[in-house]
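Descriptive analysis of the structure
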Amino acid sequence: MPTTACVVLVLAAFLLGFAVGRRRRPALPEGGLKDDATFTTLHTAALAAPSLRAGLTRDSARKAVRHLRRLLGTDALAITSTDAALAWDGPCTDEVLTYARTTLASGRAQVFAGEPQGAVVAPLTVDGQVIGTLAAYDDELSAALVRTVTEVAGWVSGQLELADLDSSRQRAMKAEMRALRAQISPHFVYNALTTIASFVRTDPERARELLLDFADFARYALRRAHDFTTLADELSCVDRYLLLERARFGDKLRFTVQVAPEVLAVPVPFLCLQPLVENAIKHGMGGRAGRGEVRVVAKDAGPEAHITVEDDGTGMDLEHARRVLDDDPRQSGNGIGLANVDVRMRQIYGEGYGLVVESAPGAGTRVRLRVPKTNLSSL
């Protein structure tokens, strides 16, 4: 992130002067002092950053403390939370928590004289709240060391802020994704139940079968176990959905599926295919007196699976297709439409993985999506 790069560069510039002046630093080759010290500082900071971006925990502190100590060049270094010493590197004194409590109470860096080591303890903050401390121990306390420990604590706080922002963003994204996938088209539910009701007296056994199919579809659509499923499971959901739609449209609806066996196990976002089929039926059969056909094709494309859903309906102009994807998927009544799937695909895989809609008046509509063959832990 640009913010992280700026923080590291400022830290590097400050520590460069400190690194040159520290008596225990070995002399660097003449002519290469500036470049070598800058590289060493940036490299050491880069080693500590990934752990800190996980937040302030015992494990992240343990992984980062050694690199931070090397960055400061002190005899020892400790990282604490508000109530515990999380990790340390080098000989730290038993007073670390006592020192930490004083710093936590004041909210500012504190200097503690001691034998054989003194300590400089600076607060770690996230969103203006002190969440821990960075305690540097050394037998030689100086104003330069105080400033440097304070700067490093500020940089560590910046990494922890980014970790907190990442965590908040991920929580918000997951909440939005689950809210989006939880929407089921009220029109489909109404049409399905109306179709089932039409068979109750004329064909009770057919009504019973359709009701069981509807229950299976609803059980799949409303489950909360995972954010991802396999393409094979998604196609099974589509099959249940089509049984209900075929009962509604009869012989007017034709449906074909062509799937490469290699892509059946590919992880896909939950309920990413059924909404495309529903949209194809809606636009392919809407207002038509004759038959309509919907085609699903899933091909193996190396590192990706390429899926298309196509209808032979009336089609739409480019502006209408753009509005379909621009509609807010969170608006009530939209159901799980194309915009919903488009938003989720972009959130999961990046902007390059949104839906592609190809259509023209009188030429039907084709919706394409690409899914990376990623092994997702959510499965």
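Note that this is a predicted model, so its numbers are computed, not measured.

Cut-off values and rules
Residues numbered from 1 in each chain as written. Predicted model: local features only at pLDDT ≥ 70, side-chain atom pairs only at ≥ 80, totals over all residues. Heavy atoms only, no water. Helix = DSSP H or I, 4+ residues; strand = E, 2+ residues; numbered from the N terminus. Buried < 20%, exposed > 50% of the residue type's maximum accessible area, 1.4 Å probe, protein only. Core = buried A, V, L, I, M, F, W, Y, C linked by side-chain atoms within 4.5 Å. Contact = heavy atoms within 4.5 Å. Salt bridge = Lys/Arg side-chain N within 4 Å of Asp/Glu carboxyl O. Pairing = 2+ DSSP bridges. Axes fitted to C-alpha atoms, helices over the stretch in contact; angles between N-to-C directions. Arc of directions from axis to C-beta. Phe/Tyr/Trp six-rings, centres within 6.5 Å; stacked < 30°, edge-to-face > 60°.

All right, on to unusual backbone geometry then. Residue Asp127 is not a glycine yet carries a positive backbone phi of 55 degrees. Looking at where Asp127 falls in the secondary structure, it is placed in the loop between strand S4 (118-126) and strand S5 (129-138). With a phi close to 55 degrees, Leu271 is a non-glycine residue in the positive phi region. Its place among the elements puts Leu271 in the loop between strand S8 (267-269) and helix H9 (274-285). Classification of Leu271 by relative accessible area gives buried; the value is 1%.

Attention now goes to the nonpolar core. Within the largest apolar cluster, 54 residues are counted, with the highest numbers of intra-cluster contacts made by Val277 and Ile281. Ala49, Ala87, Leu134 and Val149 belong to the second-largest nonpolar core, a separate cluster that totals 27 residues.

Another point: the environment of Ala298. Within the secondary structure layout, Ala298 lies in strand S9 (residues 292-301). For the pair Ala298 and Gln258, spaced 40 residues apart in sequence, the C-alpha separation works out to 6.3 Å. The residues touching Ala298, leaving out its near neighbours within four places in the chain, are Leu231, Gln258, Val259, Ala260, Val263, His306 and Ile307.

Within this structure, the stated rule accounts for 17 salt bridges. Asp342 serves as the salt-bridge partner of Arg346, at 3.0 Å between the closest nitrogen and oxygen. Taken as a pair, Arg346 and Asp342 lie in helix H11 (residues 338-349) at a separation of 4 residues, close to a single helical turn. Overall, the relative accessible area of 26% leaves Arg346 in the partly exposed class. Overall, Asp342 belongs to the buried group, its relative accessible area being 6%. Salt-bridge contacts for Arg346 lead to Glu351; the nearest nitrogen and oxygen are separated by 3.1 Å. Overlapping salt bridges bring together Arg254, Glu293, Arg295, Glu310, Glu358, Arg366 and Arg368 as one network.

With that out of the way, let us pick up the sheet that holds strand S10 (residues 304-311). Across the sheet, which stays open at both edges, the 5 strands sit in the order S7-S9-S10-S12-S11 with mixed pairing between neighbours. The strands lining the two open edges of the sheet, one partner per strand, are strand S7 (253-259) and strand S11 (356-359). Each strand of the sheet is rotated relative to its neighbour by a mean of 15 degrees, with strand direction disregarded. Taken together, the 4 bridges between S11 and strand S12 (residues 365-372) define a ladder with antiparallel strand orientation. Within S12, the position partnered with Val356 by the bridge is Arg368. Each of S7, S9 and S10 touches helix H8 (residues 231-249); the most contacted strand, S7, lies at about 165 degrees to it.

Moving on to helix H4 (residues 96-106). Those residues of H4 that fall on the buried side of the exposure criterion are Val96, Tyr99, Ala100 and Thr103. Buried positions in H4, seen along its axis, are confined to an arc of 100 degrees and lie on one side of it. Against strand S1 (76-81), strand S2 (85-89), strand S3 (110-112), S4 and S5 lie the buried residues of H4. Of the residues one or two after H4, Gly107 is the one with positive phi, at around 75 degrees.

Quick look at the packing of aromatic side chains now. The geometry of an aromatic ring pair is captured by two quantities: the separation of the ring centres and the angle between the planes. Applying the stated rule across the entire model yields 4 aromatic pairs. An angle of 35 degrees between the planes, with centres 6.4 Å apart, marks the rings of Tyr99 and Tyr137 as tilted. One end of the pair, Tyr99, is in helix H4; the other, Tyr137, is in strand S5, and 38 residues separate them in sequence. Tyr137 shares its class with Tyr99; the two are buried. With 5.7 Å between their ring centres and 55 degrees between their planes, Tyr349 and Tyr353 make a pair best called tilted. On the basis of relative accessibility, which here comes to 16%, the residue Tyr349 falls in the buried class. We classify Tyr353 as buried; its relative accessible area is 16%.

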